[in-house]
Amino acid sequence: MDFEVTYSEAQQRFRQQVRAWLEANVPPGITRIATSPEDSLQRYRELRALGRALGDKGWLYPRAPAQYGGGGLDVDHSIILEEEADRVGLALPPYYDSGGKLGSATILVWGTEAQKQAFLPPIYRGEVRTWQLLTEPGAGSDLAGVTTAAIRDGDEYVITGQKIFVGSDHGADRIWMIACTKPGGARHENLSWFMLDASLPGITVQPMELMGTGGEGGTDPVQKNTVFFDQVRVPAFCLVGGENSGWKAASTHLELEHGAGGRIGRHRVWDRLLAYCQQTKCDGVPLTQHADTRDLLADIYIKTEVQRLFGLRNFWLTYAKRPRSYEGPQLSYCRKMAGVWMTGAILEAVGPAALTTDPTWGAPDGFLELQQRNGIVAVHPGGTADVQRVSMARRIGIGRVAREAPGTVH
Ligand SMILES: Cc1cc2nc3c(=O)[nH]c(=O)nc-3n(C[C@H](O)[C@H](O)[C@H](O)COP(=O)(O)OP(=O)(O)OC[C@H]3O[C@@H](n4cnc5c(N)ncnc54)[C@H](O)[C@@H]3O)c2cc1C
């Protein structure tokens, strides 16, 4: 069965238009691995400027409704845009904006009309970048256990608590977060979501350096943060989806984060790995001429292709509004487990060169060394591999009498 999408002539013309625009507007070197903090900031500014330019055309969030500043495009045009962005090594948005993506999708389903008009246009036009803040020191997989408190006080909520493993480098304009609005209340009936200004008094961001960030696009490859809330006063308007109804709204956020949103694009490591093996000699001949390496490369290619096709399938199922079930966590689980497996396979294929950033011995840019770290780290964010397995099992009817339904995304 061929899963590839085919395109009409009009769609192919659109592709040419997008390609020409990207060639004219994407600054050279924008996908580089930053060489210093200053270079990282410069690169981030370039990505944000590109995001605003894409936003002006409705191409930053192509499927989002035009009435709120999105592109209003159908799923096929969206796929073309995502493929063309991927062709130049970028995604949409081209910078880390997980709270923008997941928060806006949740607001579209659960927000009031006034909230849609207030919160969505700046996201879709690239005017703001938003982090998502869910995890706490005592609540990761068990998201329902968050204790950061948001207590109503007149026309405001007062937020106090701590989030961990969140955000990226270079700050955020907005925060999309879940908090406990009824401490001591029944589990799953005491949570609410907020979209708030990240510069409010009482918010402190403390960087934490990780081994890697699991391959999150458009960000420094090692930085997450701890964020502290000390009596932060937030307008009541910022509460999305109803007080204490946050678990319902979480089904939208988590469904997309756990793989239902899919992904359009090639595996970022594959092309470079193949080129490296074609150009690097061992015992006088390129690595690709060694039978063992060839076998490993074939296995790696198969796994990356399976992920690409699952990503394409999920993107289409979700945004063409087709019935879904286990497909989101299936993609997420496969991606995570393949990433770990690939660290071993790549190490075996290229040897210790995969473990160094020194270009004399390793791959250019240290991209293989980065994969070795990210492949392991990526098991954790966006729901761990175990959580994906639990979620998939419930949906295919293992361990539950009634099959669990997927989260609401429209
Ligand atoms: C690189 C990175 C980026 C991240 N980005 C963000 C972000 O932007 N925003 C955010 O809010 N959070 C973020 N996180 C946090 C991430 O979502 C959590 O780390 C994750 O949900 C797991 O929570 P935990 O670390 O508390 O581990 P725990 O939940 O304590 O899990 C510990 C271990 O127990 C296993 N386990 C837990 N429950 C079950 C179960 N029911 N069945 C089987 N096994 C189980 C887990 O799989 C894991 O192996 C990020 C984390 C990383 C590493």
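Here the structure is a predicted model, which is why all the values come from computation and not from measurement.

Rules used throughout
Residues numbered from 1 in each chain as written. Predicted model: local features only at pLDDT ≥ 70, side-chain atom pairs only at ≥ 80, totals over all residues. Heavy atoms only, no water. Buried < 20%, exposed > 50% of the residue type's maximum accessible area, 1.4 Å probe, protein only. Helix = DSSP H or I, 4+ residues; strand = E, 2+ residues; numbered from the N terminus. Contact = heavy atoms within 4.5 Å. Patch = residues over 30% accessible without salt bridge, like charges linked within 9 Å, V, L, I, M, F, W, Y side chains within 5 Å. Areas by Shrake-Rupley, 256 points an atom, 1.4 Å probe, with all protein chains shown as cover. Salt bridge = Lys/Arg side-chain N within 4 Å of Asp/Glu carboxyl O. Lys, Arg positive; Asp, Glu negative; His and termini not counted. Charge placed at Lys NZ, Arg CZ, Asp CG, Glu CD. Polar contact = N/O pair within 3.5 Å; in protein donor to acceptor, adjacent residues only side chain to side chain. Disulfide = S-S within 2.5 Å. Near = heavy atom within 4 Å. Nonpolar A, V, L, I, M, F, W, Y, C, P; charged D, E, K, R; others polar. Domains from an automatic or database assignment.

Draft legend 1. Examining helix α10 (residues 367-377) more closely. Counting buried residues in α10 gives nine out of 11 residues, a clear majority hidden from the surface. The complete set of buried residues in α10 reads F367, L368, E369, L370, Q371, Q372, N374, G375 and V377. Against the buried residues of α10 lie α7 (270-279) and α9 (327-350).

Draft legend 2. Representation of a negative patch on the surface within the structure. Among the surface-exposed residues, D292, D295, D299 and E348 lie close enough to one another that they form a single negatively charged patch. By residue number, the principal contributor to the negative patch is helix α8 (residues 291-319), which donates three residues. Along the chain, E348 turns up in helix α9.

Draft legend 3. Structural context of the side chain of N225. Examined against the element boundaries, N225 turns out to sit in strand β7 (residues 223-235). In this structure N225 comes out as buried when scored by relative accessible area, which is 1%. Reaching out from N225, the side chain makes a polar contact with the side chain of Q223 at a distance of 3.0 Å. Apart from the residues within four sequence positions on either side, N225 is in contact with W131, K163, I164, F165, V166, G167, S168, V205, Q206, P207 and M208.

Draft legend 4. Structural view of the state of the cysteines. Applying the stated criterion across every chain, the model contains zero disulfides. Left without a disulfide partner, C238 is nearest to the cysteine sulfur of C180, which lies 18 Å away. Assessed through its relative accessible area of 9%, C238 is described here as buried. The cysteine C282 is free of any disulfide, with C277 supplying the nearest cysteine sulfur at 11 Å. Classification of C282 as partly exposed rests on a relative accessible area of 32%.

Draft legend 5. A look at the site of the ligand. Not every one of the 22 residues close to the ligand is listed here, only the nearest: L134, T135, S141, T384 and D386. Contact distances for the ligand include 3.1 Å between a nitrogen atom and a backbone N or O atom of Q132. Here an oxygen atom of the ligand sits 2.6 Å away from a polar atom, N or O, in the side chain of T384. The protein chains hide 69% of the 970 Å² of surface that the ligand would expose on its own. Of all the elements in the fold, those that place two or more residues in the shell around the ligand are β1 (130-133), β3 (156-166) and α11 (385-395). Counted by class, the shell around the ligand contains nine nonpolar, 10 polar and three charged residues. Built from parts of two domains, the shell around the ligand gets at least three residues from each of domain 2 (130-244) and domain 3 (261-395).

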